[in-house]
Amino acid sequence: MAGQMERVSVSAPGKVILHGEHAVVYGKLAIAASLNLRSFLHLAPASDGHVSMDLPDITLRVRWQLEALQGIPRCGTPNTPCAPTPEQLETLHAALKQASVSDNSSSQDMAMLSFLFLFINIAGPQSVSVVVNSQLPIGAGLGSSAAFCVCVAAGLLASAGVVDSRQPFTAATRDLINAWAFEAEKLIHGTPSGIDNCISAYGGARQFAAGKSEPLAEVPCIRILLVNTRVPRSTKALVARVRENHTLVPAVVNPILDSVENLSREASLCYADLFAIQRNASTKSAADVYAKLGYLIDVNQALLTALGVGHPALDAVGRMAAAHGLHAKLTGAGGGGCAWLLIPDGTDAAVVAAAMASIEGAGMAVWETTMGGPGVQMEDGQQ
């Protein structure tokens with residue numbers, strides 16, 4: 001049993017897939033990076049005999065009586081992440097119903113299920129109050145659920161004293177947080193890739209291929225515009241569409257997938273060059289590197305459209321970007337969803353403002369942010 005809970009605050013970032021969407025399903029290289037849009041968790045011990053979870057952004061508050069949770073079995077120890085047993089899963093669903101949560105497999109219900117799973121296995125039943133706020137749009141493919149799971153896992157591990165909240169998280173601590181968050185993500189998504197929770201836990205940028213991931217050591221600070229087209233899409237349906245096209249004409253689709261991988265490798269070199277330029281360690285021209293990266297972004301979008309995951313709203317984003325001398329591509333599943341625009345160093349503020357105004361005028365949401373920031377971390381001077 002974990003020790004007495006302590007007050008803690010943590011945050012974790014969302015993610016953007018820069019290159020390699022869909023191709024990664026076929027073992028090709030993909031690159032993803034953290035966003036400087038984060039979720040924040042505040043946990044405090046309570047004495048009212050309840051466990052409460054507040055999500056003010058979606059006006060959701062759930063409370064459980066502590067005694068109702070005390071009979072739920074644990075599947076391991078806080079230091080040994082595990083998948084829920086069938087017995088534990090049954091009792092977790094029952095606890096959702098007792099708290100008047102609908103348990104109808106909505107994203108909100110699955111988030112509460114993942115919280116309960118982590119709470120029982122890491123902290124054990126103790127009276128606490130948890131509040132989670134987020135700068136990330138929900139259901140937009142930017143890793144909001146993974147940031148939630150990473151925050152909950154990190155907050156519980158730190159609050160229960162399983163990890164040292166007074167020091168920066170070590171690699172081993174991030175491994176532990178990531179492993180717990182991945183198990184929680186499975187309750188929400190079924191068979192997630194692990195990319196989202198990995199980026200949220202470790203931060204920076206990482207490359208993924210054939211089920212393996214490794215960090216990109218040289219991650220520049222790059223400004224981007226992040227666009228939510230507000231067009232709903234089904235990741236499952238879009239993955240299936242690419243699969244159908246691959247089955248129909250493999251001789252056509254396989255070269256597209258190979259081109260996407262080659263493009264991802266070229267983009268990785270661009271990011272390394274920009275990293276060196278920003279540190280005065282290269283004589284290359286930043287303008288030339290950004291021009292190359294912009295071309296790669298345009299080609300990447302065209303290849304994704306050829307795979308069948310484009311959408312008129314994404315085409316509109318591309319036209320609005322081009323009208324202001326910028327470059328855009330989708331991120332994630334496509335078919336609507338989100339896109340990102342590269343903002344080269346030295347871009348006039350008026351150009352960025354005009355691009356944002358155009359996008360907002362089209363009824364879409366847009367944020368200016370940066371990529372490649374830190375992963376999960378303690379907040380409020382606790383680290």
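In this numbering scheme, every chain counts its residues from 1 along its sequence in written order. The predicted origin of the model limits local features to residues at a pLDDT of at least 70 and limits the giving and counting of side-chain atom pairs to 80 or more, whereas totals for whole chains, interfaces and linings rest on all residues. Hydrogens are left out, water is left out, and the side-chain values use all remaining heavy atoms of the structure.

Here's the deal with the overall build of the protein chain
Here is the rule: A helix here means a DSSP run of H or I that spans at least four residues, while a strand means a run of E at least two residues long, and both kinds are numbered starting from the N terminus. C-alpha atoms define the radius of gyration, and 2.2 Å times the number of residues to the power 0.38 defines the globule rule. Note on exposure labels: buried denotes an accessible area under 20% of the residue type's maximum, exposed denotes more than 50%, and partly exposed covers the range between, all computed with a 1.4 Å probe on protein chains only. We call two residues in contact when some of their heavy atoms are within 4.5 Å. Per-residue and other accessible areas follow the Shrake-Rupley method at a 1.4 Å probe size, with only the shown protein chains counted as cover for residues. Here the positive residues are Lys and Arg and the negative ones are Asp and Glu; neither His nor the chain ends is included. For the purpose of locating charges, the reference atoms are NZ of Lys, CZ of Arg, CG of Asp and CD of Glu.
Check the secondary structure of the protein chain and you find 11 helices and 12 strands. Over its C-alpha trace the protein chain gives a radius of gyration of 21 Å, about what one expects of a compact globule, namely 21 Å for 383 residues. With respect to the three principal axes, the spread of C-alpha positions in the protein chain is 60 × 50 × 40 Å. Looking at the protein chain as a whole, 55% of its 383 residues are labelled buried. Long-range pairs, those at least 24 residues apart, make up 76% of the contacts in the protein chain between residues at least 6 apart in sequence. Total accessible area on the protein chain stands at roughly 15600 Å², and carbon and sulfur atoms take up 53% of it. Between the centroid of the 25 positive side chains of the protein chain and the centroid of its 31 negative side chains there is a distance of 2 Å.

Some points on helix α7 (residues 235–248)
Rules: Residue count minus one, scaled by 1.5 Å, sets the expected span of a helix. What the arc measures is the spread of directions leading from the helix axis to the C-beta atoms.
Given a rise of 1.5 Å per residue, 14 residues ought to cover 20 Å, and the 20 Å separating the end C-alpha atoms of α7 matches this to within 8%. The complete set of buried residues in α7 reads Leu238, Val242 and His246. The buried side chains of α7 occupy one side of the element, clustering within an arc of 85° when seen end-on. Structural note: α7 exposes Lys236, Glu244, Thr247 and Leu248 on the side pointing more than 90 degrees away from its buried face. Contacts from the buried residues of α7 go to α8 (250–278) and α9 (286–307).

Concerning the state of the cysteines
Between two cysteines, a covalent bond joining their sulfur atoms is known as a disulfide. Here is the rule we go by: Throughout, a disulfide means two cysteine sulfur atoms within 2.5 Å of one another.
The full count for this structure, using the stated rule, is one disulfide. There is a disulfide in this structure between Cys75 and Cys82, and the S-S distance comes to 1.9 Å. When the S-S torsion is 60°, as for the bridge of Cys75 with Cys82, the disulfide is right-handed. Taken individually, Cys75 and Cys82 each receive the classification buried, so the pair is uniform in this respect. The cysteine Cys338 is free of any disulfide, with Cys149 supplying the nearest cysteine sulfur at 19 Å.

Points about the pairing of strand β4 (residues 60–65)
Let me state the cut-off plainly: For two strands to count as paired, DSSP must find a minimum of two bridges between them.
Burial of β4 is one-sided: the residues Leu60, Val62 and Trp64 facing one way are buried, the residues Arg61, Arg63 and Gln65 facing the other way are not. The hairpin formed by strand β3 (residues 50–55) and β4 contains four residues between the paired strands, and Thr59 there has a positive phi angle of roughly 50°.

Quick notes on the packing of helix α5 (residues 171–189) against helix α6 (residues 195–202)
Threshold: Helix axes use the C-alpha atoms of the stretch in contact, all axes being lines fitted to C-alpha atoms, and the angles between their N-to-C directions lie in the range 0 to 180 degrees. Each angle gets one of four labels, with under 35 degrees taken as roughly parallel, over 145 as roughly antiparallel, 65 to 115 as roughly perpendicular, and the rest as oblique. Crossing chirality is assigned from the near helix's rotation relative to the far helix, an anticlockwise turn below a right angle marking it left-handed and a clockwise turn marking it right-handed. Nonpolar residues are Ala, Val, Leu, Ile, Met, Phe, Trp, Tyr, Cys and Pro. Charged residues are Asp, Glu, Lys and Arg, and all others, Gly as well, are polar.
Orientation of α5 relative to α6, taken along the N-to-C sense of each, is 150°, at an axis distance of 9 Å. Regarding the angle of α5 to α6, the classification is roughly antiparallel. For the pair α5 and α6, the sense of crossing is right-handed. Taken together, the residues of α6 that come into contact with α5 (itself represented by Arg174, Asp175, Asn178, Ala181, Phe182 and Glu185) are Asp196, Asn197, Cys198, Ala201 and Tyr202. Counted by class, the contact of α5 with α6 contains five nonpolar, two polar and four charged residues.

Let's talk about the packing of helix α2 (residues 86–98) against helix α3 (residues 107–123)
Closest axis-to-axis distance for the α2/α3 pair is 10 Å, and the angle between their directions is 120°. By the angle between their directions, the pair α2 and α3 is classed as oblique. For the element pair α2 and α3, the recorded crossing hand is right-handed. Contacts between α2 and α3 involve Gln88, Leu89, Leu92, His93, Ala95 and Leu96 on the former and, on the latter, Asp109, Met112, Leu113, Leu116, Phe117, Ile120 and Asn121. Of the residues assigned to the contact of α2 with α3, the class counts are nine nonpolar, three polar and one charged.

A short note on the pattern of salt bridges
Heads up, the rule is: We count a salt bridge whenever a side-chain nitrogen from Lys or Arg sits within 4 Å of a carboxyl oxygen from Asp or Glu.
Tallied over the entire structure, the rule returns 11 salt bridges. With a closest N to O distance of 3.0 Å, Asp164 and Arg166 form a salt bridge. Looking at Asp164, the relative accessible area reads 34%, which means it is partly exposed. Owing to a relative accessible area of 66%, Arg166 belongs among the exposed residues under this scheme. Here Lys186 and Glu183 are joined by a salt bridge, their closest N and O atoms 3.4 Å apart. Within this pair, Lys186 and its partner Glu183 are both found in helix α5, separated by three residues, close to a single helical turn. Taking relative accessible area as the criterion, Lys186 reaches 32% and is therefore assigned partly exposed.

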